[in-house]
Amino acid sequence: MTRGVGTPGIWCERVVYRSLDADIVASRVAFAVDSPAQAARAIGADARRMAGGLAGRARRRVLSGVQGGGRVGAIAALHRGEPCGLALNCGGVWVEWSARPVFFLPVVSRTGPRCPEVAEGGVGFGGVVGAAGGWWSAVPG
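Model, not experiment: these values are computed from the prediction.

### Side note on the layout of surface pockets
Turning to step 1, where the next piece is worked out: Roughly 200 Å³ of volume is contained in the second largest pocket.
Turning to step 2, where the next piece is worked out: Along its surface, the second largest pocket is lined by 14 residues, and I43, G70, R71, A74 and L86 are the ones closest to its centre.
Turning to step 3, where the next piece is worked out: Among the secondary structure elements, those contributing two or more residues to the lining of the second largest pocket are helix 1 (36-51), helix 2 (56-66), helix 3 (69-79) and strand 3 (84-90).
Turning to step 4, where the next piece is worked out: Grouping the amino acids of the lining of the second largest pocket by side-chain chemistry returns nine nonpolar, four polar and one charged.

### Description of the confidence of the model for the chain
Turning to step 1, where the next piece is worked out: Overall, the predicted model of the chain reaches an average pLDDT of 75, with 71% of residues at or above 70.
Turning to step 2, where the next piece is worked out: No element of the chain has a lower mean pLDDT than strand 6 (residues 135-139), at 34, and none a higher one than strand 1 (residues 7-17), at 92.

### What to know about the pattern of salt bridges
Turning to step 1, where the next piece is worked out: Considering all chains together, one arrives at four salt bridges under this definition.
Turning to step 2, where the next piece is worked out: Note that R28 is salt-bridged to E13, the shortest N-O span being 3.1 Å. Of the two residues, R28 is situated in strand 2 (residues 25-33) and E13 in strand 1; the sequence distance between them amounts to 15 residues.
Turning to step 3, where the next piece is worked out: Look at E13 and you get buried, because its relative accessible area is 17%.
Turning to step 4, where the next piece is worked out: For R80, the salt bridge identified is with E82, shortest N-O distance 3.0 Å.
Turning to step 5, where the next piece is worked out: In this structure R80 comes out as exposed when scored by relative accessible area, which is 53%.
Turning to step 6, where the next piece is worked out: Residue class for E82 comes out partly exposed when judged on its relative accessible area of 35%.
Turning to step 7, where the next piece is worked out: In this structure, a network of salt bridges that share partners links the residues R14, D46 and R49.

Criteria and thresholds
Residues numbered from 1 in each chain as written. Predicted model: local features only at pLDDT ≥ 70, side-chain atom pairs only at ≥ 80, totals over all residues. Heavy atoms only, no water. 1 Å grid on protein atoms, 1.4 Å probe; cavity = no way out; pocket = protein on both sides within 12 Å on 5 of 7 lines; lining within 4 Å. Points joined across faces, edges and corners; volume = space filled by probe spheres on them. Helix = DSSP H or I, 4+ residues; strand = E, 2+ residues; numbered from the N terminus. Nonpolar A, V, L, I, M, F, W, Y, C, P; charged D, E, K, R; others polar. pLDDT = per-residue confidence, 0-100. Salt bridge = Lys/Arg side-chain N within 4 Å of Asp/Glu carboxyl O. Buried < 20%, exposed > 50% of the residue type's maximum accessible area, 1.4 Å probe, protein only.

This is how it looks when you write it as structure tokens:
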């Protein structure tokens, strides 16, 4: 992964669709990890947990998508700075996992350094931006 501003990491997502048509999202989960190996391990473990509820041939098919060269290829792609993913039919639902390298930017708190323009009365789009209940929103300056 190339170096840039911020801390390198891997952004992982899992999207479960209600049917094999992948038209209606049933659930979506996202999390961040520090390394490509952690991302591949987390995705593999999650896929194995989902396969645990399947029987016979369906379970073997899901597990074959997680084991072997697929994991090594995913780790290599992430090290090269490329995204990777896994998509499986798990008992009539379609599940997609994705992982992509990112840089997490540091967030400056309101008590930290401020841009001179903001300190002088707010120029541009408005006030200082801060976290509010997990979402970003404008905070009066």
